[in-house]
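Understanding the architecture of this molecule
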Amino acid sequence: MQQFYSALACELEREGIWDDPAKFTNTDETRTVALPSSNSSRPEDAATDALATLQFLPIYHLVNGRYDRVPQAALHHLRNALKQALSKYRTIVILINMGLHYVDNPVAGFSKDDYAQQMTTVLTTLHQTVIDHPDHTIKVLWRETTAQHFPTPNGYWPGVKYATHMRLQCTAIQDGSPQADWRNRAIEQIIVQHNLFSVQIVRFYNITLPLWSAHPNGRLRDCTHFCWFPMLYQSIFHRLREVVLPWETPKPNNAIKGSRSEAHHAHRPDSTVVPLAVTV
């Protein structure tokens, strides 16, 4: 997700929407950008641009680290971020993913069963947030976990303890069956079993599945992160556009009363796009 956030920044710069490259040197900072209205193509219409706040929240998993001082520190951090966003904004898009740190082998806190339990907590928390705040417009988008290309049957990183004797070189995935990719299957099952209808899945795994030769760090030894190129995240950009566009599209003229300024505020909510959690 951190790579995606940087890619989003790059696209905003490339399109001339965000003009100061220095603003993207720290992905953990909250930034505000004026997004051009889809109905405005003239400079004089710039006043109708919608302001969106983008925040990246680095949460990689729900396992406490050595420096955490409160129980379930990551979940506490997530809930605090949601509370702050709810107090400031009426319209919120949450783009979230966790997954790459969970492995096939029995690493304490990071096993398949741990993943199912922890992500159930995360997704039910987000779903309940939507239910508990009907006066807000909140969209929860779970972006699928990307493919990894380590020399294991499903490409997953096996964990440090189990990778000691592994030849670290990226390779095409041997087992491409849906069930081999249990991280994304677990999310689908959680949403169905707990009726989390407010959580929408953004498909992305299959886009990264064949990209075993697109990893950085020389001789293909980093088999998780991808070398970024403009088309890699286009499907996510498109999905975000589908979600956000209805909010900034004005109502028909006959449905708007008052001055131009009043009409503008009628269809331009203060909003925030909050990509929560990370991997990739």
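Residues numbered from 1 in each chain as written. Predicted model: local features only at pLDDT ≥ 70, side-chain atom pairs only at ≥ 80, totals over all residues. Heavy atoms only, no water.

1. Description of the confidence of the model for the protein
Of all residues in the protein, 76% attain a pLDDT of 70 or more, and the chain-wide mean is 80. In this model, residues 249–269 is a region of pLDDT below 50 whose contacts with residues beyond four sequence positions or in other chains number 24 contacts. (pLDDT = per-residue confidence, 0-100. Contact = heavy atoms within 4.5 Å.)

2. Some details on the nonpolar core
Judged by nonpolar contacts, the single largest core of 34 residues is most densely connected at Ile-94, Tyr-115, Met-119, Val-122, Leu-123 and Trp-142. Sorting elements by how many residues they give to this core places helix 2 (residues 73–88) first, with 7 residues. Every residue in contact with Met-119, bar those within four places of it in the chain, is listed here: Met-98, Tyr-102, Trp-142, Ile-187 and Ile-190. (Core = buried A, V, L, I, M, F, W, Y, C linked by side-chain atoms within 4.5 Å. Buried < 20%, exposed > 50% of the residue type's maximum accessible area, 1.4 Å probe, protein only. Helix = DSSP H or I, 4+ residues; strand = E, 2+ residues; numbered from the N terminus.)

3. A closer look at the pattern of salt bridges
Scanning the entire structure with this criterion turns up 6 salt bridges. A salt bridge links Arg-185 to Asp-181, with the shortest nitrogen-to-oxygen separation between them at 3.6 Å. Residue Arg-185 is classed as buried on the basis of its relative accessible area, which comes to 13%. Here Arg-185 makes a salt bridge to Glu-188, at a shortest N to O gap of 2.9 Å. One end of the pair is Arg-185 and the other is Glu-188, both in helix 4 (residues 182–193) and 3 residues apart, which spans about a single turn. Given a relative accessible area of 22%, Glu-188 falls into the partly exposed group. (Salt bridge = Lys/Arg side-chain N within 4 Å of Asp/Glu carboxyl O.)

4. Looking at unusual backbone geometry
Residue Gln-72 is not a glycine yet carries a positive backbone phi of 50°. You can see Gln-72 is positioned in the loop between strand 2 (50–54) and helix 2. A relative accessible area of 49% means that Gln-72 is categorised as partly exposed. Its identity as a non-glycine residue notwithstanding, Asn-195 has a phi of 50°, on the positive side.

5. Concerning the state of the cysteines
Evaluated as defined, the whole model comprises 1 disulfide. Disulfide partner of Cys-170: Cys-223, at an S-S distance of 2.2 Å. Disulfide Cys-170-Cys-223: the torsion about the S-S bond is -100°, which places it as left-handed. You can see Cys-170 sitting in the loop between strand 4 (137–143) and helix 4 and its partner Cys-223 sitting in the loop between helix 5 (205–208) and helix 6 (234–248), a full 53 residues away along the chain. As a non-bridged cysteine, Cys-227 has Cys-170 as the owner of its nearest cysteine sulfur, 9.8 Å distant. Classification of Cys-227 by relative accessible area gives partly exposed; the value is 39%. (Disulfide = S-S within 2.5 Å.)

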